[in-house]
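# Inside the fold
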Amino acid sequence: MRLLFLLCIVFLSPTVRAQNELSLAGEWEVAFDKSDDGAGAHRWLKRPFPHKLALPGTTDEARLGDTLALKPTLTRESLYQLARRHRFVGTAYYRRTVTIPANWQGKRIELMLERVLWQSRVFVDGKEYDISQQESLTTPHRYDLTNLLTPGTHTILLRINNTRQYDISYQNLAHAYTDGTQTIWNGAIGKLTLTAHDSVRMSHVRTETDLKATAVAVQVEFRNKTGRAASGTLQLMARLGSQKLPVARQTVRIDTGQYRLNTTYELGANRQLWDEFSPSVYHLTAEFVADDSGSKSQYQTTFGVRQLTNENSLLHINGRRMFLRGTLECAIFPLTGHPPVDRAGWEKVFVTARQYGLNHLRFHSWCPPEAAFVVADSLGFYLQIELPIWSLQVGEDPKANRFIRDEADRIGREYGNHPSFCFWSMGNELEGRFEFLTGLMTRLKQTDKRHLYTTTSYTFQPPHGRWPEADDDFFVTQQTKLGWVRGQGIFNQKAPAFTDDYSTSLVGLPVPLVTHEVGQYAVFPNMAEISKYTGVLEPVNLIAIRNDLEKKGLLPLADKYLKASGKLAAILYKEELERILRTKEASGIQLLDLHDFPGQGTADIGLLDAFWDSKGILTPDEFRQFCSPVLPLLRFPKATYTNAENFTATAELANFGSGTLPNVTPEWTLRDEMGKQLAGGQLPKTKVAVGNGFALGTINAKLSSIKTAKQLTLTLSLRGTSVRNTWHIWVYPANVPNATADVLVTQSTDEAVQALAQGKKVLLNPDYKQLKGVEGKFVPVFWSPVHFPAQATTMGLLCDPKHLAFGSFPTDFHTDWQWWDLCTKSTTMVLPDNRLSPIVRQIDNFANNRQLASLVEARVGKGRLVVCSFDISSDLSNRPVARQLRYSLLTYMNTGTFNPTITLSPDAVRNLTATKPLPATSKRTN
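Residues numbered from 1 in each chain as written. Predicted model: local features only at pLDDT ≥ 70, side-chain atom pairs only at ≥ 80, totals over all residues. Heavy atoms only, no water.

## Here we look at the overall build of the protein
Condition: Only DSSP runs of H or I reaching four residues or more are called helices, and only runs of E reaching two or more are called strands; each is numbered from the N terminus. Here the globule rule is a power law, 2.2 Å times the number of residues to the power 0.38, and the radius of gyration is based on C-alpha atoms. Note that accessible areas follow from Shrake-Rupley with a 1.4 Å probe, and for residues the cover is restricted to the protein chains shown.
Looking only at helices and strands, the protein has 12 helices and 56 strands in total. Here the protein has a C-alpha radius of gyration of 32 Å; the compact-globule value for 926 residues is 29 Å, and the two agree. Overall size of the protein, expressed as C-alpha extent along the three principal axes, is 110 × 70 × 65 Å. Within the structure as shown, the protein displays about 34,700 Å² of accessible surface, and the carbon and sulfur contribution to it stands at 49%.

Set out below in structure tokens:
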């Protein structure tokens with residue numbers, strides 16, 4: 001057993017009261033100098049500037065820079081990501097005048113640029129602040145301009161260089177600096193201010209607490225620029241909501257320079273803890289009053305009290321088990337091309353995530369701005385922050401190493417006190433010198449024990465990645481040395497079994513497991529989304545897809561493609577979540593993704609779009625059925641049954657709510673498509689502690705009364721609550737009559753063509769292993785067919801459930817678990833054009849948009865034909881789904897309604913069912 005105890009009381013980054021603050025928001029002049037050598041600022045001091053723009057803002061938002069020339073075509077370049085309508089990467093100079101108030105005489109004056117990419121320098125009236133520059137990607141750039149600004153009017157010149165400064169990102173994919181999600185923008189966003197301070201002021205506050213005590217340990221950092229020691233009174237005042245806590249006062253003596261004072265503040269025995277269910281946020285005012293002058297320095301900030309541990313290799317918060325239900329946030333903000341710096345922008349993200357049952361966000365290879373933490377604190381979200389690095393050469397470049405170390409220190413200081421800042425990873429899928437990463441993480445842990453740390457969010461570098469590093473507090477991976485912990489490596493290879501979990505992959509794991517980037521199930525892009533791109537990014541990729549669909553006559557199917565592929569992704573995400581929640585040894589899941597990722601080959605893998613808006617695939621209520629703090633679960637062996645079998649399942653409950661559930665009464669029903677209850681019951685009343693793997697009882701249902709094929713819905717709920725979950729199973733007759741009648745069933749195209757010439761009805765079921773076409777799969781495209789082109793390329797099936805061919809084969813319009821056997825034993829046919837309207841259409845990936853099918857009907861000469869490229873011929877006694885589909889097709893073909901309207905020639909049938917070329921015979925040589 002390994003125990004790590006973490007406790008912190010958490011602050012927002014200190015912000016000075018606005019009484020001595022001057023906003024620089026407004027109109028600025030701007031000039032570009034792509035060839036700037038660093039000394040070019042002097043060339044721009046008095047030159048006319050050719051452009052104007054508003055800061056805070058970016059050159060993209062001002063429509064400045066190179067105009068987009070990329071055309072929407074089905075090329076990798078066009079399909080790879082959204083395109084900037086106006087792009088500038090280089091050095092830009094921003095200039096404006098400012099008037100310093102007379103009462104700022106003798107004050108310390110600080111300039112703050114809340115967020116900049118990547119490097120800034122500042123000049124006042126032609127003189128540069130020091131000779132240094134700021135270069136953080138994730139924290140504010142601050143400059144002490146006291147020696148340059150006096151009361152009166154001055155000219156401020158900002159030099160901002162957004163070119164790549166250090167090798168921290170593989171192919172510029174790290175989300176702190178990329179055109180793949182947020183853009184490589186130039187400008188300054190967020191707060192842009194000058195602030196006047198007294199010569200003795202507080203520059204930082206850090207707090208920590210122990211749950212065994214009621215007092216908060218407070219460290220106040222002062223900066224005394226008077227040149228002599230200063231004395232005064234420090235006051236600490238706090239409130240929780242409308243409840244005010246007592247004022248604490250003490251006399252302090254501040255030495256010159258930088259001075260740290262350690263003190264305490266009493267919260268009382270009834271202090272409130274912070275978590276997802278009760279995100280209690282305290283508001284603290286710290287005020288220093290100098291004895292000699294009476295001047296005041298004041299900070300207002302907020303904090304929360306929480307304790308994190310990894311006891312027994314499981315995550316806990318405040319002594320209670322926690323389970324992370326998370327998704328990624330990759331700086332995807334298509335209207336602005338940069339992250340929001342206000343609460344409203346982040347409330348859209350976090351409120352939507354909460355509506356879908358999430359309590360966790362992982363910030364993949366970047367750190368968000370202050371507003372994100374503020375909102376996450378208020379809603380009780382657990383955040384994983386990462387350094388701005390996604391590199392395959394970590395530790396190799398000394399300059400990059402220095403930058404990363406400094407950036408880590410800046411992030412910890414700026415945001416480290418937030419209660420939502422729970423987890424800290426050094427970066428995404430890092431490779432290189434692990435001793436550098438270990439040293440970096442160890443140093444951070446020694447100086448800041450308020451977070452849980454991990455070396456990297458997975459890595460492909462062996463032998464790392466499949467077992468935690470020695471100093472990890474938690475472990476993020478897709479597979480351990482003992483096996484997979486996400487469905488990507490399982491769902492297509494193994495028949496659906498809902499008894500499974502990942503416990504065997506976690507035996508002996510020394511720290512908590514959080515599964516890495518689970519899902520990545522491609523959904524067909526939403527053509528209706530194109531009109532939403534009214535900002536800095538042009539959806540060239542989506543326009544290219546739309547134009548190609550229109551040219552091929554497939555555009556009317558686009559919304560159906562979206563919904564059908566989305567429903568398949570949804571059932572896979574459901575099983576991903578439930579399988580990890582059935583695993584007692586697991587502590588969390590990070591989906592990739594609840595919402596779309598518009599870069600890396602248009603990786604539209606979300607049930608929501610890139611704007612965090614619904615695509616109409618699942619409602620929040622439907623998603624929360626399998627993604628909630630309290631979740632009913634089932635273990636049952638398969639999705640498909642015959643009526644000669646019984647359905648048996650074990651009911652469980654995962655309770656990651658706020659506490660023990662004292663009186664749980666589980667209820668279950670089994671209903672058919674019409675809502676008729678076929679079976680049901682109540683399981684014993686029980687008490688369920690916090691955690692998972694709690695057995696509720698066994699469900700048994702006889703299926704012998706079901707005489708025709710049916711899709712059934714099993715619902716497991718907790719009486720008197722809204723907690724419920726549902727699953728589909730399919731039941732087929734154990735014996736079906738011989739429905740061949742006057743239909744010829746054959747696997748031979750030649751035999752089929754001969755029979756058709758004689759006016760016969762033919763069900764042609766060629767051997768899928770020999771058929772030329774696209775490999776059949778149950779799961780859709782992984783991530784993106786553009787980013788990963790060497791993979792099977794379909795995105796699920798699309799059919800009309802009301803088609804009479806399905807009269808004895810219940811199905812929805814999309815892939816579901818009963819199709820697994822058929823899809824994995826098939827080859828998809830490539831149709832020559834769109835004349836045929838397939839009975840079962842396979843959705844091609846958007847990089848090709850071919851007409852694909854697994855089941856078609858046509859008239860051939862005097863005959864009528866159905867071609868099925870699912871295997872419905874072999875081992876039918878052990879394959880009830882294939883047997884039932886065959887029966888349903890034959891039943892349909894023996895009715896008068898089987899009357900195809902599209903005609904194919906015999907040669908077209910031969911082309912459609914052409915076989916793969918035989919492999920060349922190898923010759924043995926000596």
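## Some points on the pairing of strand E23 (residues 282-290)
To be explicit about the condition: Think of it in three bands: with a 1.4 Å probe and only protein chains considered, a residue is buried below 20% of the maximum accessible area for its type, exposed above 50%, and partly exposed in between. At least two DSSP bridges between two strands are required for those strands to pair.
Among the 9 residues in E23, 7 count as buried, and that is most of the element. Summarising the sheet, E23 and strand E24 (residues 296-303) pair through 8 bridges and their orientation is antiparallel. Counterpart to His283 in the pairing with E24 is Thr302. Hairpin geometry of E23 and E24 is characterised by an intervening segment of 5 residues between the two adjacent antiparallel strands and by a positive phi of about 75 degrees at Gly294.

## Focus: the packing of helix H4 (residues 398-415) against helix H5 (residues 434-447)
The condition that has to hold: Structural elements are reduced to axes, namely lines fitted to C-alpha atoms, with helices fitted over the stretch in contact, and the angle between N-to-C directions of any two is expressed from 0 to 180 degrees. Working rule for angles: under 35 degrees goes down as roughly parallel, over 145 as roughly antiparallel, 65 to 115 as roughly perpendicular, anything else as oblique. Two helices cross in a left-handed way if the nearer one is turned anticlockwise from the farther one by less than a right angle. They cross in a right-handed way if the turn is clockwise. Note on definitions: a residue-residue contact is assigned when non-hydrogen atoms from the two residues lie within 4.5 Å.
Running from N to C, H4 and H5 point in directions that differ by 25 degrees, and their axes come no closer than 11 Å. Considering their axes alone, H4 and H5 lie roughly parallel with respect to each other. When you trace H4 past H5, the crossing you get is right-handed. Of the residues in H5, those in contact with Asn401, Ile404, Arg405, Ala408 and Asp409 of H4 are Phe436, Leu440, Arg443 and Leu444.

## Concerning the sheet that holds strand E33 (residues 475-477)
Spatially, E32-E31-E30-E29-E28-E38-E36-E33 is the arrangement adopted by the 8 strands of the open sheet, whose pairing is parallel. Bordering the open sheet on either side are strand E32 (452-454) and E33, each of which pairs with just one other strand. Neighbour-to-neighbour, the strand axes of this sheet turn through a mean angle of 25 degrees, independent of strand direction. For strand E29 (residues 360-363) and strand E30 (residues 382-386), the ladder comprises 3 bridges, and the chain directions are parallel. Note that in E30 the partner of Arg362 across the bridge is Gln384. Contacting strand E36 (513-519) and strand E38 (586-592), helix H7 (residues 558-581) crosses the sheet at an angle of about 165 degrees to E38.

## Here's the deal with the packing of helix H2 (residues 343-355) against helix H3 (residues 370-379)
At a minimum axis distance of 9 Å, the contact between H2 and H3 shows a crossing angle of 40 degrees. Taken together, H2 and H3 sit at an angle that is classed as oblique. Here H2 runs over H3; the crossing is right-handed. Residues Arg343, Trp346, Glu347, Phe350, Val351 and Arg354 of H2 lie in contact with H3, whose contacting residues are Ala371, Ala372, Val374, Val375, Ala376, Ser378 and Leu379.

## Describing the sheet that holds strand E4 (residues 26-33)
In space, the 6 strands of this open sheet follow the order E5-E4-E10-E15-E12-E13, with antiparallel pairing throughout. Among the strands making up the open sheet, the edge pair consists of strand E5 (51-55) and strand E13 (127-128). Both E4 and strand E10 (residues 91-100) contribute to a ladder of 5 bridges, which runs antiparallel. Of the residues in E10, the one forming a bridge with Ala31 is Tyr93.

## Details of the packing of aromatic side chains
In plain terms, the rule: When two rings of Phe, Tyr or Trp (its six-membered ring) have centres within 6.5 Å they constitute a pair, described as stacked for plane angles under 30 degrees, edge-to-face for angles over 60, and tilted for the intermediate range. We call a charge positioned above a ring when the Lys NZ or Arg CZ atom is no farther than 6 Å from the ring centre and deviates by at most 35 degrees from the ring normal.
In this structure the tally under the stated criterion is 39 aromatic pairs. Relative to Phe636, the ring of Phe498 lies with its centre 4.7 Å away and its plane at 25 degrees, an arrangement referred to as stacked. Placement of the pair is Phe498 in the loop between strand E35 (483-484) and E36 and Phe636 in the loop between strand E39 (630-635) and strand E40 (640-642), with a sequence separation of 138 residues. For the pair Phe782 and Phe788, a centre-to-centre distance of 5.7 Å together with 40 degrees between the ring planes defines the contact as tilted. Every member of this aromatic cluster is reached through a ring pair, and the members are Phe491, Phe498, Phe636, Tyr641, Phe647, Phe778 and Trp817. Of note, Lys481 hangs over the ring of Trp467, and the distance from its end group to the ring centre comes to 4.3 Å.

## Considerations on the state of the cysteines
The condition is simple: Here, a disulfide means two cysteine sulfur atoms that sit within 2.5 Å of each other.
Within this structure, the stated rule accounts for 0 disulfides. Not part of a disulfide, Cys868 finds its nearest cysteine sulfur in Cys823, a span of 11 Å.

## Overview of the pattern of salt bridges
Applied cut-off: Between Lys or Arg on one side and Asp or Glu on the other, a salt bridge is scored when a side-chain nitrogen of the former is within 4 Å of a carboxyl oxygen of the latter.
Overall, the coordinates contain 55 salt bridges when judged by the stated rule. A salt bridge links Asp144 to Arg108; its shortest N-O distance comes to 3.0 Å. Of this pair, Asp144 sits in strand E14 (residues 141-144) while Arg108 sits in strand E11 (residues 108-115); the two residues are 36 residues apart in sequence, bridging distant segments of the chain. Classification of Arg108 as buried rests on a relative accessible area of 19%. Across the pair Arg910 and Asp750 runs a salt bridge, and its minimum N-O distance is 4.0 Å.

## A word on the pairing of strand E55 (residues 852-860)
Counting buried residues along E55, 8 of its 9 residues qualify, which places the element largely inside the surrounding structure. Pairing of strand E53 (residues 827-830) with E55, which is carried by 2 bridges, proceeds in the antiparallel orientation. When the sheet's bridge partners are listed, Met829 is paired in E55 with Ala853. Here strand E54 (residues 840-844) pairs with E55 via 3 bridges, running antiparallel. Looking at the pairing, Gln842 lines up with Leu852 of E55. Two strands pair when backbone bridges link them, and E55 and strand E56 (residues 863-868) are joined in this way by 6 bridges, in the antiparallel orientation. Looking at E56, one finds that Val860 is bridged to Gly863. Between E55 and E56, which follow one another and run antiparallel, lie 2 residues, and Gly861 among them has a positive phi close to 60 degrees.

## Side note on the environment of Asn911
Within the fold, Asn911 resides in helix H12 (residues 906-912). What makes Asn911 exposed here is its relative accessible area of 62%. In sequence terms Asn911 and Pro832 are 79 residues apart; their C-alpha atoms lie 8.9 Å from each other.

## Quick look at unusual backbone geometry
Along the chain, Pro462 connects to Pro463 via a cis peptide bond; the corresponding omega equals 0 degrees. Relative to the helices and strands, Pro463 resides in the loop between E32 and E33. Despite not being glycine, Trp783 shows a phi value in the positive range, around 65 degrees. Residue position: Trp783 is located in the loop between strand E51 (774-775) and strand E52 (794-799).

## A word on the nonpolar core
Basically, it comes down to this: What we call a nonpolar core is a set of buried Ala, Val, Leu, Ile, Met, Phe, Trp, Tyr and Cys residues that are connected through their side-chain atoms within 4.5 Å.
Trp346, Phe350, Met426, Phe623 and Phe647 are the most contacted members of the largest nonpolar core, which totals 191 residues. Looking at this core element by element, the count peaks at 13 residues for H7. Each residue touching Trp346, except ones within four places of it in the same chain, is listed here: Glu329, Phe333, Pro339, Pro340, Phe363, Trp366, Pro368, Pro369, Ala371, Ala372 and Val375. Counting 30 residues, the second largest nonpolar core, distinct from the first, contains Trp28, Leu111, Val124 and Tyr143.

## Remarks on helix H9 (residues 749-757)
So the rule is basically this: The arc in question is formed by the directions pointing from the helix axis toward the C-beta atoms. Any pair of nitrogen or oxygen atoms within 3.5 Å is treated as a polar contact; in protein, a donor-acceptor pairing is required on top of that, and neighbouring residues in sequence qualify only through side-chain atoms on both sides.
Among all positions in H9, only Thr749, Ala752, Val753, Ala755 and Leu756 are buried. The arc that holds the buried residues of H9, viewed along the axis, is 165 degrees, so those residues lie on one side. In H9, the exposed positions angled more than 90 degrees off the buried face are occupied by Gln754 and Ala757. Tucked inside the fold, the buried residues of H9 contact strand E49 (743-746), strand E50 (761-764), E55, E56 and H12. Here H9 starts with a cap whose side-chain oxygen sits 3.5 Å from the backbone nitrogen of Asp750, and that cap is Ser748. At the C-terminal side of H9, Gly759 shows a positive phi close to 85 degrees.

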